[in-house]
Amino acid sequence: MEKKDKEIVAVLLTHNRKDLLIKGLHGLFDQTKKIKKILIIDSVSTDGTYELLSKKGIINRSDIKYVRLKENRGPSGGFTEGIRHALKENSNWIWVLDDDVYPKKDCLDKLLKFSNVSKCIAPFRDKTVPFFNPAIGVVTHSKNLSFNNKKDFVFTNTCCFEGMLLHSDLIKKIGLPDERFFQVNGDTMYGFLASLQTNIVHVKNAILVRLLPTKKP
């Protein structure tokens with residue numbers, strides 16, 4: 001593997017969650033696999049996000065780039081802008097994350113172990129693995145796919161913006177996320193689009209921790 005192919009740019013989308021953002025950033029700083037650049041995409045936060053980043057000296061780090069959007073374009077629009085900026089960094093792998101998740105320190109390293117298997121690799125979250133049925137437009141979250149077979153990874157056909165690791169070659173084939181989805185289903189459809197070009201891998205021991213409690217049905 002060439003050196004360039006080992007370089008990672010992270011895209012971290014945030015909106016009015018400055019305290020969670022700081023926790024998530026420290027999760028990225030502490031990764032055992034060094035991240036070349038972290039792009040903070042601020043979706044017009046009004047809670048003092050920029051001021052807190054400045055106060056803590058984060059905004060001036062050489063591995064940080066802060067981008068403030070002019071309007072709230074939802075997760076789909078925010079990640080579209082983030083991925084567009086990330087492609088300009090000329091790294092082959094782009095890691096997209098939301099501001100309410102915290103990757104364990106070896107999460108990225110464990111994702112990259114499957115870089116020869118897939119160009120879209122996802123961490124383990126929510127104790128289930130999603131599967132999209134395009135015939136009826138429904139996503140199921142199956143525990144039967146969730147490593148009950150004692151394997152280190154499983155294949156499926158979609159994933160979530162919270163932690164998906166994308167190769168730039170794949171992005172060039174499938175394009176950017178569809179902003180028309182705005183708040184929901186954008187990642188499901190983007191993941192499904194990716195699955196038409198590569199086998200999507202979910203990695204058991206690449207752990208992403210939710211910083212907000214999961215809503216109960």
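So, here's what we can say about the structure. (Residues numbered from 1 in each chain as written. Predicted model: local features only at pLDDT ≥ 70, side-chain atom pairs only at ≥ 80, totals over all residues. Heavy atoms only, no water.)

### So, the overall build of the chain
The line we're drawing: Counting from the N terminus, the helices are the DSSP runs of H or I reaching at least four residues and the strands are the DSSP runs of E reaching at least two. With the radius of gyration taken over C-alpha atoms, the globule rule is written as 2.2 Å times the number of residues to the power 0.38. Remark: exposure states derive from per-residue accessible area (1.4 Å probe, protein chains only) relative to the maximum for the residue type, with buried under 20%, exposed over 50%, and partly exposed in between. Residues count as neighbours in contact if any of their non-hydrogen atoms are within 4.5 Å of one another.
Across its full length, the chain carries six helices and eleven strands. Here the C-alpha radius of gyration of the chain, 16 Å, is about what a compact globule of 217 residues would show, namely 17 Å. For the chain, the spread of C-alpha atoms along the principal axes amounts to about 45 × 40 × 30 Å. Buried residues in the chain amount to 53% of all 217 residues. Looking at the chain alone, contacts between residues at least 24 apart form 81% of all its contacts between residues at least 6 apart.

### Describing the pattern of salt bridges
Which entries qualify depends on this criterion: Within this document, salt bridges are pairs made up of a side-chain nitrogen of Lys or Arg and a carboxyl oxygen of Asp or Glu, the two lying within 4 Å of each other.
For the structure on display, the rule yields twelve salt bridges. Close ionic contact of Asp-63 with Arg-61 constitutes a salt bridge, the shortest N to O distance being 2.8 Å. Relative accessible area serves as the criterion here: at 11%, Asp-63 is assigned to the buried category. Because the salt bridges share partners, they merge into one network encompassing Arg-17, Asp-99, Asp-100, Glu-162 and Arg-210.

### Focus: the environment of Ile-59
Mapping Ile-59 onto the fold places it in the loop between helix H2 (49-55) and strand S3 (64-68). Given a relative accessible area of 17%, Ile-59 falls into the buried group. Taking the C-alpha atoms as reference points, Ile-59 and Ile-200, 141 residues apart in sequence, are found 34 Å from one another. Those residues within four positions of Ile-59 in sequence are excluded, and the remaining contacts are Tyr-50, Leu-53, Ser-54, Ile-64 and Tyr-66.

### Some points on the side chain of Glu-81
Worth spelling out the cut-off: N or O atoms closer than or at 3.5 Å make up a polar contact, with two conditions inside protein: a donor-capable atom paired with an acceptor-capable one, and, for residues adjacent in sequence, both atoms drawn from side chains.
Inspection of the secondary structure assignment puts Glu-81 in helix H3 (residues 74-87). At a separation of 2.8 Å, a polar atom in the side chain of Glu-81 contacts the side chain of Arg-84. Setting aside residues up to four positions removed in sequence, Glu-81 forms contacts with Leu-69 and Arg-73.

### Structural notes on the packing of aromatic side chains
Operational definition: Side-chain rings of Phe, Tyr and Trp (the six-membered ring for Trp) are treated as a pair once their centres are within 6.5 Å; stacked means planes under 30 degrees apart, edge-to-face means over 60, and tilted covers the remaining angles. Here, over-ring charges are defined by two tests on the NZ atom of lysine or the CZ atom of arginine: distance to the ring centre within 6 Å, and angle to the ring normal within 35 degrees.
Tallied over the entire structure, the rule returns five aromatic pairs. With centroids separated by 4.7 Å and ring planes inclined at 35 degrees, the aromatic side chains of Phe-79 and Phe-161 adopt a geometry described as tilted. Pair noted here: Phe-79 is in helix H3 and Phe-161 is in the loop between strand S9 (153-156) and strand S10 (165-167), with a separation of 82 residues, a long-range link. Across the pair, Phe-161 and Phe-79 agree in class, each one buried. Put simply, the rings of Phe-79, Phe-161 and Tyr-190 touch in pairs and so form one group of aromatic residues. When the ring centre of Phe-29 is taken as origin, the NZ or CZ atom of Arg-61, which lies over that ring, is 3.7 Å away.

### Observations concerning the nonpolar core
Put simply, the rule is: Only buried Ala, Val, Leu, Ile, Met, Phe, Trp, Tyr and Cys residues count toward a nonpolar core, and they belong to the same one when joined by side-chain atoms within 4.5 Å.
If you look at the biggest cluster of nonpolar residues, it comprises 30 residues, and the most contacted ones within it are Leu-25 and Trp-95. Where this core is concerned, the elements lending two or more residues are strand S1 (8-14), helix H1 (18-29), strand S2 (37-42), H2, strand S4 (93-98), helix H4 (107-112) and strand S11 (200-210). Ile-41, Ala-86, Leu-170 and Ala-194 belong to the second-largest nonpolar core, a separate cluster that totals 24 residues.

### Details of helix H6 (residues 186-195)
The element H6 is largely enclosed, with a buried count of eight among its ten residues. Looking at H6, one finds that the buried residues are Gly-186, Asp-187, Thr-188, Tyr-190, Gly-191, Phe-192, Ala-194 and Ser-195.

### Focus on the pairing of S2
Side chains on a regular strand alternate between the two faces of the sheet. Using the following cut-off: Being paired, for any two strands, means DSSP has found at least two bridges between them. Assignment of crossover handedness uses the view with strands pointing away from the viewer, where a clockwise path from the first strand over the helix to the second indicates a right-handed crossover.
Within S2, six of the six residues are buried, leaving the element largely enclosed by the surrounding structure. Residues of S2 alternate between two faces, with Lys-37, Leu-39 and Ile-41 on one and Ile-38, Ile-40 and Asp-42 on the opposite face, all of them buried. In this structure, S1 lies alongside S2, joined through six bridges in parallel fashion. Paired with Thr-14 across the bridge in S2 is Asp-42. Chirality of the crossover, the property in question, places the unit of S1, H1 and S2 among those that are right-handed. By the bridge criterion, five bridges tie S2 to S3 in an arrangement that is parallel. Its bridge partner being in S3, Ile-41 is matched across the sheet by Val-67. The handedness of the S2 to S3 crossover, carried by H2, is right-handed.

Any functional reading would require information that these geometric values do not contain.
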